[in-house]
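Residue-level listing of the chains:
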Amino acid sequence: MADKEVVETSEAQIAVHWKEEECVYPSKEFINQANVKDETVYKRFDLDNFPECFTEYADLLHWDKSWDTILDTSDAPCWKWFVGGRINACYNCVDRHLEKNKNKTAIHFVPEPENERVQHITYQELYVQVNELAALLQDFAGLKAGDTVTLHLPMTAELPITMLACARLGVIHSEVFGGFSGRACADRIEDAKSRVLITIDGYYRSGKLIDHKQNADIAVDLAKKDGQKVDKVLIWQRYPGKNSTPTPMIEGRDYIINDLLKDYRGKKVDPVPMPAEDPLFLMYTSGTTGKPKGCQHSTGGYLAYVAGTSKYIQDIHPEDVYWCMADIGWITGHSYIVYGPLSLCASSVIYEGVPTYPDAGRAWRIAEELDVNIFHTAPTVIRALRKIDPDLPKKYNHHFKHMTTVGEPIEPQVWRWYHEVVGKGEAVIVDTWWQTETGGFLCGTVPAIKPMKPGSTGPGVPGIYPIIYDEEGNEIKAGEGRAGNICIKNPWPGAFQTIWRDRDRYVSTYYARYCKDKNSKDWRDWPYLTGDAAMEAEDGYYRILGRIDDVINVSGHRLGTKEIESAALTVMEVAEAAVVPVADDIKGVVPDLYISLKPGYEPTDELAMKISAGICDTIGKIARPRKVWLVSDMPKTRSGKIMRRVLGAISNKKDVGDVSTLANPEIVDEIQKKVSG
Ligand code: PRX
């Protein structure tokens, strides 16, 4: 794989230049109030106590029926947790808090327009709204346990309300990130086989009221062409009672949820006790081929894992005001805005817009107003805010006890700014490393026990045992100073169960690489391949170096290079497309796109713009290339493979190395001249 070579070059460089950072210790104040301050937690979650240790997390929840088997490995490597148990995720996130906390805020919804007041939704109100919607989904949309439904919702309170209403019925929700295009939504509707789409008319982003309804029309049309008919499109109104989209409604297909709800006022639906192993939701993520993978997450194991890690790693107490500034359309939002914090009865903040609207002080004003004390975001946001005005957070009077970072490696100097300026030196930072597939954290520090090391994620969280293998499957030990493929030795309850309707791809992508015996039913023979490269320091802290497959991580979001290339190839004039990752100050990595045209077409700026727009239409703006380079030919091997490694070196202004063995070495010079201007 050519992309792999690019990453390996940079890994090697990081490995050579890597210097150990000084550790930073949590304050006494933090330790005194922490949920976990007892070092025996690591002992309790020792491999000798596996898998029983994870009942400590399951016991945080209400079970309608207790499990018979903690871990069933009979269908290896599709691990089954808490088998025989029955549980409802919505009941655990809503109903069970009513007795003591019905008046407490469950969700603070912060609209992007600053003149709109924050909406504080109590657990009682959430209970009422979720029940009414569940009744509507059941009666009007005919949805029942085991059905799938696609959500294409942005960051408003309607998104968790919809997820929880589905969970109440045992309906599998598949939320598509609101910023994704109608095309991307269609692919996910088709794969999930949803016949209902739930969306919203509009929402605010960067000061503009976006027409979101138009994406639903595109998605439904394209899904139909791909063979999946959507019967009903259910549409929330951004402003109840008012229409916020110019796109017309389609009679007999489109329905306004806010209108329908009038018939369901005060209706209650009993939460369905779901088998622990039944899926709670699907979350699509990019892989090495163009087709996104529907990661299937379980109900019982998943909820236990996100509740446990929210309590132990995020240190969430019921009295905390917790703000994770991710989007619920990604796994971070599912696990650590909705299911984790709400299962612990915290108050979770949902902010509609961009962190820099109307200015870079917005986040700190929200934190001040709501008295947020746990804050969670991604390095790309931290870099952007630091670049705009590194002193700005000092002007605000917010105070965090705990901050998290997630999604991509954070540079030590950015980490220090986050700690000293955003956290005012008071907050602990946990650098949480994990993935869509893993449901919850893999590495990170138990914050009152382990010191922080800028730029390193930390050791495995309790119950997670990472191991690094080289290409031959030999273990690379702590302190060796070499990078390799980081895997997880053991199963854990938060892990996805399979790729939706594609078990073979699940096994081959994640478990085949280092499997010791493919007939084995023993989990010890099936290390989980994360697809990341990492190094382990002598003290057992891991430094994550990035992806080893052809996936690039833009602003903490995984995009398949093949997915972007396929989108480019839908433009009629394009003959070949190659995407390479380029280092970027703010976003970490951005895609550069190289294009060769079919004969007879002229390379023009308009054409480059058309290709770029085509990618935004197909995937979403998040995939917009930094540059579209129209070249007369691609550097190729003699067997005709595009050498992405060479293109990557050119884009990153690095040495291209020896190109004499290429089929067309002269093209390298030509492209280099073009790119360096
Ligand atoms: O490469 C790792 C990077 O993000 C990938 C997972 O992306 P996704 O499935 O979209 O989930 C993002 C949120 C969990 C990983 O394979 N990554 C995630 N967290 C970190 C990270 N890289 C370094 N440090 C992290 N803390």
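To start, this report covers the structure provided alongside it. All values reported here derive from a predicted model rather than from experimental measurement.

1. Focus: the overall build of the protein chain
Helix and strand counts for the protein chain stand at 21 helices and 31 strands. Computed over the C-alpha atoms, the radius of gyration of the protein chain is 24 Å, within 12% of the 26 Å expected from 2.2 N^0.38 for a compact globule of 677 residues. Summarising its shape, the C-alpha atoms of the protein chain cover approximately 75 × 60 × 60 Å along the three principal directions. Within the protein chain, the proportion of its 677 residues that are buried is 64%. Of the roughly 25400 Å² that the protein chain leaves accessible, carbon and sulfur atoms contribute 50%.

2. Observations regarding the sheet that holds strand β16 (residues 321-324)
The 7 strands lie next to each other as β5-β4-β17-β16-β18-β19-β20, forming an open sheet whose pairing is mixed. Looking at strand neighbours, the two that pair on one side only are β5 (119-122) and β20 (428-432), the edges of this open sheet. Pairs of neighbouring strands in the sheet enclose a mean axial angle of 20°, with direction left out of account. Strand direction decides the pairing type here: β16 and strand β18 (residues 374-377), joined by 3 bridges, are parallel. Paired with Y322 across the strands is I374, a residue of β18. Against the sheet, helix α16 (residues 412-422) makes contact with β18, β19 (402-406) and β20, and its axis sits at roughly 155° relative to β19, the strand it touches most.

3. What about the pairing of strand β11 (residues 232-236)?
When you tally the buried positions in β11, you get 5 out of 5 residues, the bulk of the element. Here 5 bridges tie strand β8 (residues 196-200) to β11, and the two strands are oriented parallel to one another. Residue I200 lies in a different strand from β11, and its bridge partner there is W236. In this structure, β11 lies alongside strand β12 (residues 254-256), joined through 3 bridges in parallel fashion. Counterpart to L234 in the pairing with β12 is Y255.

4. Examining the packing of helix α20 (residues 644-651) against helix α21 (residues 666-675)
Pairs of packed helices are described in terms of their axes, by the angle between the two and the distance that separates them. Between α20 and α21, the shortest axis-to-axis distance is 10 Å and the interhelical angle comes to 30°. When the interaxial angle is binned, α20 and α21 end up roughly parallel. Between α20 and α21 lies a crossing of right-handed hand. Touching V646, L647 and I650 of α20 are V668, I671, Q672 and V675, all from α21. Residues belonging to the contact of α20 with α21 are distributed by class as follows: 6 nonpolar, 1 polar and no charged.

5. Some details on the site of the ligand
Near the ligand lie 16 residues; those nearest to it are D431, T432, T436, D532 and R558. Between D431 and the ligand, the recorded distance is 2.6 Å, taken from a side-chain N or O atom to a nitrogen atom. Within the side chain of T436, an N or O atom sits 2.6 Å from an oxygen atom of the ligand. When the ligand sits alone it has 540 Å² of accessible area, and the protein chains cover 96% of it. Counting residues per element, the ones that place at least two in the shell around the ligand are β20 and β26 (542-547).

6. A short note on the pattern of salt bridges
One pass over the full model with this rule turns up 44 salt bridges. In this structure, K453 and E20 form a salt bridge, with 2.6 Å as the shortest nitrogen-oxygen distance. Of this pair, K453 sits in the loop between β20 and β21 (466-469) while E20 is found in the loop between α1 (2-17) and α2 (28-33), placing the two residues 433 residues apart along the sequence. With a relative accessible area of 42%, E20 lands in the partly exposed category. Measuring nitrogen to oxygen at the nearest pair gives 2.9 Å for the salt bridge that ties K636 to E576. Taken together, the residues K636 in the loop between β31 (628-631) and α20 and E576 in strand β29 (residues 574-584) connect sequence positions 60 residues apart. What emerges from the salt-bridge pattern is a single network uniting E114, D359, R362 and R365.

Calculation rules
Residues numbered from 1 in each chain as written. Predicted model: local features only at pLDDT ≥ 70, side-chain atom pairs only at ≥ 80, totals over all residues. Heavy atoms only, no water. Helix = DSSP H or I, 4+ residues; strand = E, 2+ residues; numbered from the N terminus. Rg over C-alpha atoms; globule rule 2.2 N^0.38 Å. Buried < 20%, exposed > 50% of the residue type's maximum accessible area, 1.4 Å probe, protein only. Areas by Shrake-Rupley, 256 points an atom, 1.4 Å probe, with all protein chains shown as cover. Pairing = 2+ DSSP bridges. Axes fitted to C-alpha atoms, helices over the stretch in contact; angles between N-to-C directions. Contact = heavy atoms within 4.5 Å. Parallel < 35°, antiparallel > 145°, perpendicular 65-115°, else oblique. Left-handed = near helix turned anticlockwise from the far one by under 90°. Nonpolar A, V, L, I, M, F, W, Y, C, P; charged D, E, K, R; others polar. Near = heavy atom within 4 Å. Polar contact = N/O pair within 3.5 Å; in protein donor to acceptor, adjacent residues only side chain to side chain. Salt bridge = Lys/Arg side-chain N within 4 Å of Asp/Glu carboxyl O.

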